[in-house]
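Listed here are the chains, written in short residue letters.
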Amino acid sequence: MTPSNFDPRAVAADRAFFAAFLNLRGESCAVVGGGPIAAQKVDALLRSGARVCVIAPGLCATLAGQAGRGEIEYRARVFSPDDLERVVLAIAATDDRAVNAAVAREARARRVLVNAVDDAASSTFIMPAVVDRPPLQIAIGSGGTAPVVARRLRTLIETAVPAGFGRLAALAGRYRAASKQRFPEPGPRRRFWESVCDGPIAQMIFSGREGAAVKAIERSLSSSGGVEHVGGSAATGTVYLVGGGPGNPELLTLRALRALQRADVILYDHLVARPIVDQARRDAERIYVGKESDRHALPQQDINRLMVKLAREGKCVVRLKGGDPYIFGRGGEEIETLAAHGIGFEVVPGITAASGVAAYAGIPLTHRDYAHSCVFVTGHLKNDALDLNWDALAQPRQTVVIYMGVHGLGRLAAKLIEHGLPGGTPAAIAEHGTLASQRVSIGTLATLPGIAAREGFKPPSLVIVGEVVKLHGRLAWFDPGKLAAEETSNDTAAMLDPGHDRPD
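Definitions and cut-offs
- Residues numbered from 1 in each chain as written.
- Predicted model: local features only at pLDDT ≥ 70, side-chain atom pairs only at ≥ 80, totals over all residues.
- Heavy atoms only, no water.
- Helix = DSSP H or I, 4+ residues; strand = E, 2+ residues; numbered from the N terminus.
- Contact = heavy atoms within 4.5 Å.
- Areas by Shrake-Rupley, 256 points an atom, 1.4 Å probe, with all protein chains shown as cover.
- Salt bridge = Lys/Arg side-chain N within 4 Å of Asp/Glu carboxyl O.
- Buried < 20%, exposed > 50% of the residue type's maximum accessible area, 1.4 Å probe, protein only.
- Pairing = 2+ DSSP bridges.
- Axes fitted to C-alpha atoms, helices over the stretch in contact; angles between N-to-C directions.
- Core = buried A, V, L, I, M, F, W, Y, C linked by side-chain atoms within 4.5 Å.
- Parallel < 35°, antiparallel > 145°, perpendicular 65-115°, else oblique.
- Left-handed = near helix turned anticlockwise from the far one by under 90°.
- Nonpolar A, V, L, I, M, F, W, Y, C, P; charged D, E, K, R; others polar.
- pLDDT = per-residue confidence, 0-100.

## Side note on the overall build of the protein
For step 1, the next point in the chain: Scanning the protein from terminus to terminus reveals 20 helices and 17 strands.
For step 2, the next point in the chain: Look at the contacts in the protein between residues 6 or more apart in sequence, and 63% of them connect residues 24 or more apart.
For step 3, the next point in the chain: Surface exposure of the protein reaches about 26,300 Å², of which carbon and sulfur atoms provide 54%.

Shown next as structure tokens:
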């Protein structure tokens, strides 16, 4: 078929397979071949509950270990047609295509289901790429035409489907009979399970609170409200306290991304990079609540009240903070308010600025030769003063990471020197860490305040003090200039291609 007359529909029709899941529990299956590919097939069969016999002159280390433990039967010889007696399925996985084809011919003659690796034409079934969320399985097949494409799609699905979906399916199976008794008609029963999958019970499962999910579903199945009362009052939403990481959207956790894409309302801070806010679904309401030093768009108490108000309106609320919400983010205060008002919440940790920015600056926070401990402190001035345990900070072989320290950097450095830390201690300041606009300057505790003032460093910046800063010159791997060029190229492509857009 030449490119000019290529028709993907014809290929699809020619390669169509019947999609099915086989019950092989307790059934005898044969695998011909003893190498790594055969080991992969054996593993898949064992996980399906099959009894597996491997036929090969020799075995790789994995299969040899399984044979030694009695997990598989092993016949140390070349394939014989008699090996297919009393088996329901065979896989030919040798590195010899002719041998694989011969196994397939013998299996087909005996009406034994057979898969010959990389030979769909000789096979009666193919092995799909599988996303496994027990008891859920998602199988992806290309009819043998493009296994690499199928595996790539599996990778995309793996990242998009929370592992908790399997636990949710198990919970649904556990209460399937009870739901039929509670809702005899299919319509109300379907709506009940939809409300479970889309509501608070599913979120309890995804966040690891199976006990709470069990109690909620049992209450809903025993209550007169039924569907309307799954997981509590339908008028009450949930608040997610989400750490947005140090700035680069690629450093968001999967859990944070899923919360953003589920939210009805996003309350975000000054330190949250715009590309991270843009990960939310398009129709989500975005409310800027500020939180710059001494310049709050909303006072903290107003933010607390707003979260409660929105949740009581039945909305899914994401309180989005830079870094990690429990590290100088006042997350504890916000959660206390939610708990006091009976609002359901979940904390989604983020990569804190200390670890993210230090990694991108090429400065390990601990190192066997330089630092055995690491301390995080805030340099935020309160009433024009700093109140820190200076003696504890001015210790040798320790890394001190200072958040919000730009404006008080001169006083911080002077106090550390005053309490015994040498003025020659290496120190660094990093602005817009992990982003294309990142810049890092290196000095000493004595010289860094002058460097920061001369070079115009502004928040958000992080200060790192300690001998580990010496490693910056050798370990700095991140090239902001290269990243900026790539982002510019991508932006240009987006403007030239009117169909190019960020997915929802």
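## Focus on the pattern of salt bridges
Two side chains that carry opposite charge are able to pair once their charged atoms sit near each other.
For step 1, the next point in the chain: Summed over all chains, the structure comprises 25 salt bridges.
For step 2, the next point in the chain: A salt bridge links Glu 313 to Lys 309, with the nearest nitrogen and oxygen atoms 2.8 Å apart.
For step 3, the next point in the chain: With relative accessibility at 40%, the residue Glu 313 sits in the partly exposed group.
For step 4, the next point in the chain: Among the ionic pairs, Arg 330 bridges to Glu 333, the shortest N-O distance being 2.9 Å.

## Some details on the sheet that holds strand S13 (residues 373-378)
For step 1, the next point in the chain: Sheet architecture is open: five strands sit in the order S13-S14-S17-S15-S16, paired in mixed fashion. Only two strands of the sheet have a single neighbouring strand rather than two, namely S13 and strand S16 (439-444). Across the sheet, the mean angle separating the axes of adjacent strands is 20 degrees when strand polarity is ignored.
For step 2, the next point in the chain: Of the strand pairs in this sheet, strand S15 (residues 426-431) and strand S17 (residues 461-465) are connected by five bridges, and their pairing is antiparallel. Residue Ala 427 lies in a different strand from S17, and its bridge partner there is Val 465.
For step 3, the next point in the chain: Running over the sheet, helix H15 (residues 353-361) touches S13, strand S14 (398-403), S15, S16 and S17 and is turned about 75 degrees from S17.

## Observations concerning the nonpolar core
For step 1, the next point in the chain: Core analysis: the largest hydrophobic core is formed by 22 residues, its most contacted members being Trp 390, Leu 393, Ile 402, Ile 429, Val 463 and Val 465.
For step 2, the next point in the chain: Looking at this core, the elements with two or more residues in it are helix H16 (390-393), S14, helix H17 (409-418), S15, helix H18 (448-454) and S17.
For step 3, the next point in the chain: The biggest single contributor to this core is H17, with four residues.
For step 4, the next point in the chain: Excluding anything up to four places from it in sequence, Val 463 contacts Val 400, Val 401, Ile 402, Leu 409, Ala 428, Ile 429 and Leu 448.
For step 5, the next point in the chain: Tyr 240, Ala 263, Ile 266 and Val 272 belong to the second largest nonpolar core, which has 19 residues in total.

## Here's the deal with the packing of helix H13 (residues 300-312) against helix H14 (residues 331-340)
For step 1, the next point in the chain: At a minimum axis separation of 10 Å, H13 and H14 run at an interaxial angle of 40 degrees. Comparing their axes, H14 and H13 come out oblique. For the crossing formed where H13 meets H14, the hand is right-handed. Between H13 and H14, the contacting residues are Gln 300, Ile 303, Asn 304, Met 307 and Val 308 on the first element and Glu 333, Glu 334, Thr 337 and Leu 338 on the second.
For step 2, the next point in the chain: Residues belonging to the contact of H13 with H14 are distributed by class as follows: four nonpolar, three polar and two charged.

## Observations concerning the sheet that holds strand S2 (residues 51-55)
For step 1, the next point in the chain: With parallel pairing, five strands are arranged side by side in an open sheet as S3-S2-S1-S4-S5. Strands at the two margins of the open sheet, each flanked by one partner only, are strand S3 (73-75) and strand S5 (113-116). Averaged over all neighbouring strand pairs, the angle between strand axes comes to 15 degrees, with direction disregarded.
For step 2, the next point in the chain: Both strand S1 (residues 28-32) and strand S4 (residues 89-92) contribute to a ladder of four bridges, which runs parallel. Of the residues in S4, the one forming a bridge with Val 31 is Ile 91.
For step 3, the next point in the chain: Against the sheet, helix H4 (residues 97-109) makes contact with S1, S4 and S5, and its axis sits at roughly 170 degrees relative to S5, the strand it touches most.

## A look at the environment of Val 357
For step 1, the next point in the chain: Tracing the backbone shows Val 357 in helix H15.
For step 2, the next point in the chain: Judged by relative accessible area, which is 5%, Val 357 ranks as buried.
For step 3, the next point in the chain: Along the primary structure Val 357 and Glu 431 are separated by 74 residues, whereas in three dimensions their C-alpha atoms are 8.7 Å apart.
For step 4, the next point in the chain: Ignoring sequence-local partners within four residues, the contact set of Val 357 consists of Pro 246, Ala 430, Gly 433, Thr 434 and Leu 462.

## Here we look at H15
For step 1, the next point in the chain: Here H15 lies mainly inside the structure; seven of its nine residues are buried.
For step 2, the next point in the chain: Turning to H15, its buried residues number three or more, namely Ala 353, Ala 354, Gly 356, Val 357, Ala 358, Tyr 360 and Ala 361.
For step 3, the next point in the chain: The secondary structure elements touched by the buried residues of H15 are S13, S14, S15, S16, S17 and helix H19 (472-475).
For step 4, the next point in the chain: Just past H15, the residue Gly 362 takes up positive phi, approximately 75 degrees.

## Some details on the side chain of Thr 238
For step 1, the next point in the chain: Position of Thr 238 relative to the elements: it lies in strand S8 (residues 238-243).
For step 2, the next point in the chain: Sequence-distant contacts of Thr 238, that is, excluding residues within four places in its chain, are made with Lys 315, Cys 316, Val 317, Gly 344 and Phe 345.

## Some points on the confidence of the model for the protein
For step 1, the next point in the chain: Confidence in the prediction of the protein, expressed as mean pLDDT, is 87, and 88% of residues score 70 or more.
For step 2, the next point in the chain: Segment residues 225-234 is flagged for pLDDT under 50; beyond a separation of four residues in sequence, or across chains, it makes 22 contacts in the model.
For step 3, the next point in the chain: Across residues 488-504 the pLDDT falls below 50, and counting only partners more than four positions away or on other chains, this stretch makes eight contacts in the model.

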